[in-house]
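Topology and contacts: notes
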Amino acid sequence: MRIAEIFYSVQGEGTLVGVPSTFVRTSGCNLRCTWCDTPYTSWNPEGREMAVAEIVDEARRTGASHAVVTGGEPMIAGGVVELTRQLDDLHVTIETAGTVYQSLKCDLMSISPKLANSTPHARDGGRWAAQHDRLRIQLDVLKRLTSEYEFQLKFVVTSPEDLEEIETIVRETGAARGRVVLMAEGTDSATLAERARWIVETCKRSGFRYSPRLHIDLFGNRRGV
């Protein structure tokens, strides 16, 4: 498996925010979000090839009870099914865009469907825009993942205009509103705080959950934290 990094931190987003966790970040993605905060796994993928047993050994060294398999897009990583099975004594979160289905060991399927705000119309000359837009919402995959796994739907929000698309996805998947998490897009605390004010009000009206991006607030936009 091509691994960008393995590190020990606290979960910064979603329903398990604050939980000490070992993060295994795979490299490679089938999408190209314009605001991607891990371009070293998507736009310019990097990392080293590691055997599953090597990854598991390194992940266990932290002693954490929670593991987060993230990316990039871990669901397209060769070996991800075996990796999750070998982590079977840990609570495993999979962080995915929900465009690819795999049957694997997962205690929380953290699904982040990519909204229209993610399409890279200008980045890299716009050459990825059409493919990204075609792949970013796979309703059949979303329905299958949400029916087979404990899940959260975690949306990256940039403006109030995103809410109509979020409501459509929630309606079409049949997801309970309490499993829907909204969080601001941004890579600095000032931007996140500004957007959080109206996102929180939206959550109060809609019954959705609000999530901070704790790792940005604590450590800034850095790798390995």
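Above this text you will find the structure in question.
Figured I'd write up the structure that's included with this text. (Residues numbered from 1 in each chain as written. Predicted model: local features only at pLDDT ≥ 70, side-chain atom pairs only at ≥ 80, totals over all residues. Heavy atoms only, no water.)

The biggest cluster of nonpolar side chains holds 46 residues, and the ones touching the most others in it are Leu83, Leu104, Met109, Phe155, Ile166 and Leu182. If near-sequence neighbours (up to four positions away) are discounted, Met109 is found in contact with Met75, Ile94, Thr96, Leu104, Leu145, Tyr149, Glu150, Phe151 and Gln152. Judged by nonpolar contacts, the second largest core, of 7 residues, contains Cys33, Trp35, Trp43 and Trp128. (Core = buried A, V, L, I, M, F, W, Y, C linked by side-chain atoms within 4.5 Å. Buried < 20%, exposed > 50% of the residue type's maximum accessible area, 1.4 Å probe, protein only. Contact = heavy atoms within 4.5 Å.)

This paragraph deals with the state of the cysteines. Applying the stated rule across the entire model yields 0 disulfides. Of the cysteine sulfurs around Cys29, a residue in no disulfide, the closest is that of Cys33, at 6.6 Å. The thiol of Cys33 is unpaired, and the distance to the nearest cysteine sulfur, on Cys36, comes to 6.1 Å. (Disulfide = S-S within 2.5 Å.)

At the junction of Gly71 and Gly72, the peptide bond is cis and its omega measures out at 5° in the coordinates. Assignment of secondary structure puts Gly72 in the loop between strand S4 (66-70) and helix H2 (80-86). (Helix = DSSP H or I, 4+ residues; strand = E, 2+ residues; numbered from the N terminus.)

Position of Arg32 among the secondary structure elements: in the loop between strand S2 (20-26) and strand S3 (48-49). There is no salt bridge for the buried Arg32, and the closest opposite charge comes from Asp124, which lies 7.0 Å off by N-O distance. Here the side chain of Arg32 touches Cys29 through a polar contact of 2.7 Å, landing on its backbone oxygen. With sequence-adjacent residues up to four places away left out, Arg32 is seen in contact with Ser42, Trp43, Ser118, Pro120, Trp128 and His132. (Lys, Arg positive; Asp, Glu negative; His and termini not counted. Salt bridge = Lys/Arg side-chain N within 4 Å of Asp/Glu carboxyl O. Polar contact = N/O pair within 3.5 Å; in protein donor to acceptor, adjacent residues only side chain to side chain.)

Along helix H1 (residues 52-60), the residues that are buried comprise Val52, Ile55, Val56 and Ala59. For H1, the arc enclosing every buried residue in end-on projection is 95°, short of the 170-degree limit, so these residues lie on one face. On its buried face, H1 is in contact with strand S1 (2-10), S2 and H2. (Arc of directions from axis to C-beta.)

This part is about the pairing of strand S7 (residues 151-157). Regular strands have side chains that alternate between both faces of the sheet. Burial analysis of S7 places 7 of its 7 residues in the buried class, the great majority of the element. Two elements, strand S6 (residues 108-111) and S7, share 3 bridges in a ladder whose sense is parallel. By the bridge assignment for S7, Ser110 is matched with Gln152. For S7 and strand S8 (residues 180-184), the ladder comprises 5 bridges, and the chain directions are parallel. In the sheet register, Val156 faces S8, and the bridge partner there is Met183. (Pairing = 2+ DSSP bridges.)

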